[in-house]
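Analysis of the macromolecular model
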Amino acid sequence: MANELFAGSQVIVYASREATYGTARRLNGTDAMLTISESFTPAEERDVRPDRSGFTDHLDRYRGRKSATFEITRLLLPSGSVTTEPDDDLLWQNAFGRLSINSTGVEYILATAHDWSLTLRRAIRTGGGQGVADFQEHVRGAIVNQVEISEGNQGQNGLATVTFRGVAKDWGWTGNTSVASGYLNIATSATTFRVSSPRQLSVGSLFKVFNTNTGGGSGILVNTVNYTTGVIAYSQSLSATLSSGRVLVPYNPTATTAGQPLHARIGLLSLDGSATKIDHLGGRVTLEDNRGLLNEEVGYDSASRVIRENRRNVTASFGFILKKDEVGELLGRRDRNDSRNLQLNIGDAANKTCKIHMKDFEWDMTALEIPDQGMARVTMSGRGLGVNGNDSLKVRFL
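Structure report, in brief. Here the structure is a predicted model, which means the values were calculated and not measured.

1. A closer look at the overall build of the chain
- A count of helices and strands for the chain gives two helices and 26 strands.
- Reported as C-alpha extents along the three principal axes, the dimensions of the chain are approximately 80 × 60 × 45 Å.
- At a minimum sequence separation of 6, the contacts of the chain that also span at least 24 residues come to 68%.
- Here the chain displays about 19200 Å² of accessible surface, and carbon together with sulfur accounts for 46% of that area.

2. With respect to the pairing of strand β16 (residues 247–250)
- Relative to β16, strand β11 (residues 177–178) is paired through two bridges, and the arrangement is antiparallel. By the bridge assignment for β16, Thr177 is matched with Leu248.
- In the sheet, strand β13 (residues 206–209) pairs with β16 via three bridges, with the strands oriented antiparallel. Opposite Phe207, over in β16, you have Pro250 as the bridge partner.

3. What to know about the pattern of salt bridges
- Within the structure shown, the criterion is met by 23 salt bridges.
- Where Arg49 meets Asp51, a salt bridge forms, and the shortest distance between an N and an O atom there is 2.5 Å.
- By relative accessible area, which is 41% here, Arg49 ends up partly exposed.
- Using a relative accessible area of 43% as the deciding quantity, one classes Asp51 as partly exposed.
- Of the charged contacts in the structure, one is a salt bridge between Asp88 and Arg74, with a shortest N-O distance of 2.7 Å. Of the two residues, Asp88 sits in the loop between β4 (61–75) and α1 (89–96) while Arg74 sits in strand β4, which places them 14 residues apart along the sequence.

4. With respect to the side chain of Lys169
- Examined against the element boundaries, Lys169 turns out to sit in the loop between β9 (161–168) and β10 (170–174).
- Nearest to the buried, unbridged Lys169 among oppositely charged side chains is Asp301, at 5.1 Å.
- Not counting residues up to four positions away in its chain, the partners in contact with Lys169 are Tyr21, Gly22, Lys66, Ser67, Arg140, Gly141, Leu293, Ser302 and Ala303.

5. Considering unusual backbone geometry
- At Asn351, a position not held by glycine, the phi torsion is positive, near 75°.
- Within the secondary structure layout, Asn351 lies in the loop between β22 (339–349) and β23 (352–363).
- Residue class for Asn351 comes out partly exposed when judged on its relative accessible area of 27%.
- One non-glycine residue, Asn390, lies in the positive phi region at around 55°.
- Tracing the backbone through its elements, the reader meets Asn390 in the loop between β25 (377–384) and β26 (394–397).
- For Asn390, a relative accessible area of 25% translates into the label partly exposed.

6. A look at the environment of Ala95
- Relative to the elements of secondary structure, Ala95 occurs in helix α1.
- Residues Ala95 and Gln146, spaced 51 residues apart in sequence, show a C-alpha to C-alpha distance of 6.9 Å.
- Once residues lying within four places of it in the same chain are set aside, the contact partners of Ala95 are His114, Val144, Val147, Leu287, Asp289 and Arg291.

7. Things to note about the sheet that holds strand β15 (residues 231–234)
- With antiparallel pairing, the six strands of this open sheet are ordered in space as β11-β16-β13-β14-β15-β12. Each having just a single partner strand, β11 and β12 (192–194) make up the two edges of the open sheet.
- Bridging between strand β14 (residues 220–225) and β15 involves three bridges; their strand directions are antiparallel. By the bridge assignment for β15, Thr224 is matched with Ala233.

8. Overview of the environment of Lys394
- If you trace the backbone, Lys394 turns up in strand β26.
- For the pair Lys394 and Tyr108, spaced 286 residues apart in the sequence, the C-alpha separation amounts to 6.0 Å.
- With near-sequence residues (within four places) excluded, Lys394 lies in contact with Phe96, Glu107, Tyr108, Ile109, Lys355, Ile356 and His357.

9. Some words on the packing of aromatic side chains
- Applying the stated criterion across every chain yields a total of eleven aromatic pairs.
- Residues Trp92 and Phe397 carry aromatic rings whose centres are separated by 5.7 Å and whose planes lie at 75° to one another, so their mutual orientation is edge-to-face. On the criterion of sequence distance, the pair formed by Trp92 in helix α1 and Phe397 in strand β26 is long-range, its members being 305 residues apart. The pair formed by Trp92 and Phe397 is uniform in burial state, with each residue classed as buried.
- Ring centres of Phe96 and Tyr108 lie 6.5 Å apart, and the angle between their planes is 55°; on these two criteria the pair is classed as tilted. Highlighted residues: Phe96 in helix α1 and Tyr108 in strand β6 (residues 105–110), separated in sequence by twelve residues.
- The ring of Trp116 carries the charged tip of Arg17 above its face, separated from the ring centre by 3.8 Å.
- Seen from the ring of Phe40, Arg122 lies directly overhead, with NZ or CZ sitting 5.7 Å from the centre.

10. Points about the layout of surface pockets
- Of the pockets and cavities examined, the second largest pocket occupies roughly 380 Å³.
- What lines the second largest pocket is a set of 17 residues, and nearest its centre among them are Arg63, Lys66, Asp170, Trp171 and Trp173.
- Of all the secondary structure elements, the ones that give two or more residues to the lining of the second largest pocket are β3 (37–48), β4 and β10.
- For the lining of the second largest pocket, the per-class residue count stands at six nonpolar, four polar and seven charged.

11. Here we look at the side chain of Ser205
- Along the chain, Ser205 falls in the loop between β12 and β13.
- Ser205 sits in the buried class, given a relative accessible area of 0%.
- Engagement of the side chain of Ser205 in a polar contact is seen with the backbone oxygen of Trp173, the distance being 2.5 Å.
- Excluding residues that lie within four positions of it along the chain, Ser205 makes contacts with Arg121, His138, Trp173, Thr174, Ile220, Leu221 and Val222.

What counts, and where the lines are drawn
- Residues numbered from 1 in each chain as written.
- Predicted model: local features only at pLDDT ≥ 70, side-chain atom pairs only at ≥ 80, totals over all residues.
- Heavy atoms only, no water.
- Helix = DSSP H or I, 4+ residues; strand = E, 2+ residues; numbered from the N terminus.
- Contact = heavy atoms within 4.5 Å.
- Areas by Shrake-Rupley, 256 points an atom, 1.4 Å probe, with all protein chains shown as cover.
- Pairing = 2+ DSSP bridges.
- Salt bridge = Lys/Arg side-chain N within 4 Å of Asp/Glu carboxyl O.
- Buried < 20%, exposed > 50% of the residue type's maximum accessible area, 1.4 Å probe, protein only.
- Lys, Arg positive; Asp, Glu negative; His and termini not counted.
- Phe/Tyr/Trp six-rings, centres within 6.5 Å; stacked < 30°, edge-to-face > 60°.
- Lys NZ or Arg CZ within 6 Å of the ring centre and 35° of its normal.
- 1 Å grid on protein atoms, 1.4 Å probe; cavity = no way out; pocket = protein on both sides within 12 Å on 5 of 7 lines; lining within 4 Å.
- Points joined across faces, edges and corners; volume = space filled by probe spheres on them.
- Nonpolar A, V, L, I, M, F, W, Y, C, P; charged D, E, K, R; others polar.
- Polar contact = N/O pair within 3.5 Å; in protein donor to acceptor, adjacent residues only side chain to side chain.

This is the structure we're talking about:
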């Protein structure tokens, strides 16, 4: 059927670590993760020429540098094993910089100078169902520079969530096309051929030749596209010879994922390093790492490397129903600017717990909320500070 649609309910996101900044990577089903929502947003400088033309209309625009941003929101999902990373491991690693795994848990630790990048792909995986078609978009040269963890009444219907945001070098897409006319036998060793609709592909596109030719199992990666001649270039070996008319579709492998959601009915907040629990309604912890991309040097049409632009910010906010015995702990310590050893446990079962630790946390001044009906409440916000360097925030899956 012509003009098939793309079913948004069948989205899968994949993350792959790049070997060289901005060089797109292929993928496998184990690179997949389930999401609640996501967005990949391309950008390119396109402005009108500033010179005068003798007309009252603008006559032309110029093109400048390209970039992209992304946002991925998903449930906070421990893998189910204390020695196995969660599905979104590469996003956590890229945001924090360091990964430590031992017999008791998987821990993400802040680092100073990590500069590696990701290829992220959002795929609509339909499997060729009636009236629908596969699609894929990607960003390359991507880094995660903000993480937001939400739990309790700040989560998704009581389920803890995490949102990853960041910037990327460029954006691209993979549509559906076919081998162009005139080919009887394209050898398995070939590295180029013409396609019937080159605008269905871009640099970094990942496709398979329907239904089994996957370039060795991880997709065939488009290195270049000539939109005039229709020739695409790639580096993978074909698993079978090709001829005209063979269909090219996005390579969206079956996802391999794990993990169970963490609900607000299980967990605790402590302000003294886990010794004492204090009741709360929910909270949000945010890491802004303040790394960016270098995208201003002459001779480049997009970012060329990862740079650190400023010191990171770690902030958090929590909601409380104000209780008589907790006025001193919350309001008194806030007024004195006392440092607190804050620990948030989301979940409490083995293999199903996320522990968030800010060992030097100071509250900001905020107003009480005293409604006409209901109990007095207070939303407390503050900042996590470093003690010995790169320790203002740790996240551990237990």
